[in-house]
Amino acid sequence: MKVVVIGGSGLIGKKLVGDLERLGHEAVAASPSSGVNSVTGEGLAEALTGADVVVDVSNAPTWADDAVRAFFDASTRNLLASEKAAGVGHHVALSIVGADRLPESGYMRAKVAQEGLIRSGGVPYTIVRATQFFEFVGGIAQSAAEGDVIRLPPALMRPIAADDVAGALAGVAAADPLNRTVELAGPEPIRQDDFVRRYLAARDDPREVVTDPEARYFGTELDDRSLTPGEGPMLGATRFDDWLGQPAARG
């Protein structure tokens, strides 16, 4: 099949293109750097010509509430319209586990709105909600840092390796559309404070993680249901400790 990956130059996109090619598909990495801009519509018609599947793993360049909502709204509307015109048979979108449970977050509200556009967009679809990536642990630490102290809540998570996300998306893209949402998570539950604490220890980072139930996650209060999947999610295979042993995690 011909599979167009929107956001093909990003963390997940690059890995997904490689996975699709190894499965024997024609994978097209589409992003502004390759002349395809889903927000403006530039290059979409050409990129989607002959495409069987579109996988949208794009992300907004800024997380300001209005800007991120505008990004996902324009991008998704343009993609769905172009897919209809090109006869694309499957729209796959990467979203976030718990997006509908965190309405205080403008980013999560934007993802929920994006999902709504996809459901009503008239193109067969599968929405894959994934948990937080291992690769984002440094950003979580930095967002909560105050000098040498990092305050984080003990909220439960099921983080996942980006390699496993890409592999799961490749499998979804190669299958028939489900016309529903599926969830994808890591193999083990980890509390957010311990997630960061183990990461810092692996890097010999001396900063202290303080467990604070009142601490917020990018401005949002969390509980044990906020970032964890429901029953029967797809599961990645990579355990966090194994990922921490990789050079990229320590670098």
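So, here is what we can say about the structure in this document. Values in this document were obtained by computation on a predicted structure and should not be read as measured data. (Residues numbered from 1 in each chain as written. Predicted model: local features only at pLDDT ≥ 70, side-chain atom pairs only at ≥ 80, totals over all residues. Heavy atoms only, no water.)

**Focus: unusual backbone geometry**
In step 1: Here Asn 179, not a glycine, exhibits a phi torsion of approximately 55°, which is positive.
In step 2: Mapped onto the secondary structure, Asn 179 falls in the loop between helix H6 (162-174) and strand E9 (181-185).
In step 3: Unlike most non-glycine residues, Asp 204 shows phi in positive territory, near 55°. (Helix = DSSP H or I, 4+ residues; strand = E, 2+ residues; numbered from the N terminus.)

**Concerning the packing of aromatic side chains**
In step 1: Counted according to the given criterion, the structure contains 10 aromatic pairs.
In step 2: Judged by centre distance (4.9 Å) and plane angle (35°), the rings of Phe 133 and Phe 136 are tilted.
In step 3: Its relative accessible area of 9% is what places Phe 133 among the buried residues.
In step 4: A ring pair is formed by Phe 134 and Trp 243, whose centres lie 5.5 Å apart and whose planes are at 50°; its orientation type is tilted. (Phe/Tyr/Trp six-rings, centres within 6.5 Å; stacked < 30°, edge-to-face > 60°. Buried < 20%, exposed > 50% of the residue type's maximum accessible area, 1.4 Å probe, protein only.)

**Brief notes about the pattern of salt bridges**
In step 1: According to the stated counting rule, one finds 15 salt bridges in the structure shown.
In step 2: A salt bridge links Arg 239 to Glu 188, with the nearest nitrogen and oxygen atoms 2.9 Å apart. In this pair, Arg 239 sits in the loop between strand E12 (234-235) and helix H8 (240-244) while Glu 188 sits in the loop between E9 and strand E10 (190-191), placing the two residues 51 residues apart along the sequence.
In step 3: Residue classification places Glu 188 among the buried positions, given a relative accessible area of 13%.
In step 4: Between Arg 198 and Asp 241 there is a salt bridge, with the nearest N and O atoms lying 2.9 Å from each other. With Arg 198 in helix H7 (residues 192-202) and Asp 241 in helix H8, this pair connects stretches of sequence that are 43 residues apart. (Salt bridge = Lys/Arg side-chain N within 4 Å of Asp/Glu carboxyl O.)

**So, the nonpolar core**
If you look at soluble globular proteins, the nonpolar side chains tend to sit buried side by side.
In step 1: With 33 residues, the main nonpolar core has Phe 195, Val 196, Phe 240 and Trp 243 as its most contacted residues.
In step 2: Elements that contribute at least two residues to this core include exactly helix H3 (65-86), helix H4 (106-119), helix H5 (137-143), strand E7 (149-152), H7 and H8.
In step 3: In this structure Trp 243 touches Phe 134, Glu 135, Val 137, Ala 161, Tyr 199, Thr 238 and Ala 249, once residues within four positions along its chain are discounted.
In step 4: Core analysis: the second largest hydrophobic core is formed by 26 residues, Val 92, Val 128, Ala 162 and Val 165 among them. (Core = buried A, V, L, I, M, F, W, Y, C linked by side-chain atoms within 4.5 Å. Contact = heavy atoms within 4.5 Å.)

**Focus on the sheet that holds strand E3 (residues 53-56)**
In step 1: If you walk across this open sheet you meet the 7 strands as E2-E1-E3-E4-E5-E9-E12, and the pairing is parallel. Edge strands, defined here as strands with exactly one partner in the open sheet, are strand E2 (26-30) and E12.
In step 2: The strands touched by H4 within the sheet are E3, strand E4 (90-96), strand E5 (125-130) and E9, with E4 carrying the most contacts at an inclination of about 160°.
In step 3: In this fold H6 packs onto E3, E4, E5, E9 and E12, with an angle of close to 155° to the strand it touches most, E4. (Pairing = 2+ DSSP bridges. Axes fitted to C-alpha atoms, helices over the stretch in contact; angles between N-to-C directions.)

**Focus: the environment of Val 137**
In step 1: By secondary structure assignment, the location of Val 137 is in helix H5.
In step 2: Under the relative-accessibility criterion, Val 137 is labelled buried at 1%.
In step 3: Considered as a pair, Val 137 and Lys 15 are 122 residues apart in the sequence and their alpha carbons are 19 Å apart.
In step 4: When neighbours within four sequence positions are excluded, Val 137 is seen to be in contact with Phe 195, Val 196, Tyr 199 and Trp 243.

**With respect to H6**
Note: α-helices contain 3.6 residues per turn, so residues at a spacing of three or four share the same orientation.
In step 1: Counted at 1.5 Å a residue, the expected span for H6 with its 13 residues is 18 Å, and the 19 Å between its end C-alpha atoms agrees.
In step 2: Ala 162, Asp 164, Val 165, Ala 166, Ala 168, Leu 169, Ala 170, Val 172 and Ala 173 are the residues of H6 that are buried.
In step 3: Elements in contact with the buried residues of H6: helix H1 (11-22), E3, E4, E5, E9 and E12. (Expected span 1.5 Å × (residues − 1).)

**Looking at the layout of surface pockets**
Taking a probe equal in size to a water molecule and rolling it over the atoms shows the remaining empty space.
In step 1: Approximately 830 Å³ is the volume found for the largest pocket.
In step 2: Taken together, 40 residues form the lining of the largest pocket, with Asn 59, Trp 63, Ile 96, Tyr 107 and Phe 136 sitting closest to its centre.
In step 3: Put simply, the parts of the chain that give the lining of the largest pocket at least two residues each are H1, H3, E4, H4 and H5.
In step 4: Ranked by the residues each element gives to the lining of the largest pocket, the list is headed by H4, at 4 residues.
In step 5: Residue classes in the lining of the largest pocket are distributed as 21 nonpolar, 16 polar and 3 charged. (1 Å grid on protein atoms, 1.4 Å probe; cavity = no way out; pocket = protein on both sides within 12 Å on 5 of 7 lines; lining within 4 Å. Points joined across faces, edges and corners; volume = space filled by probe spheres on them. Nonpolar A, V, L, I, M, F, W, Y, C, P; charged D, E, K, R; others polar.)

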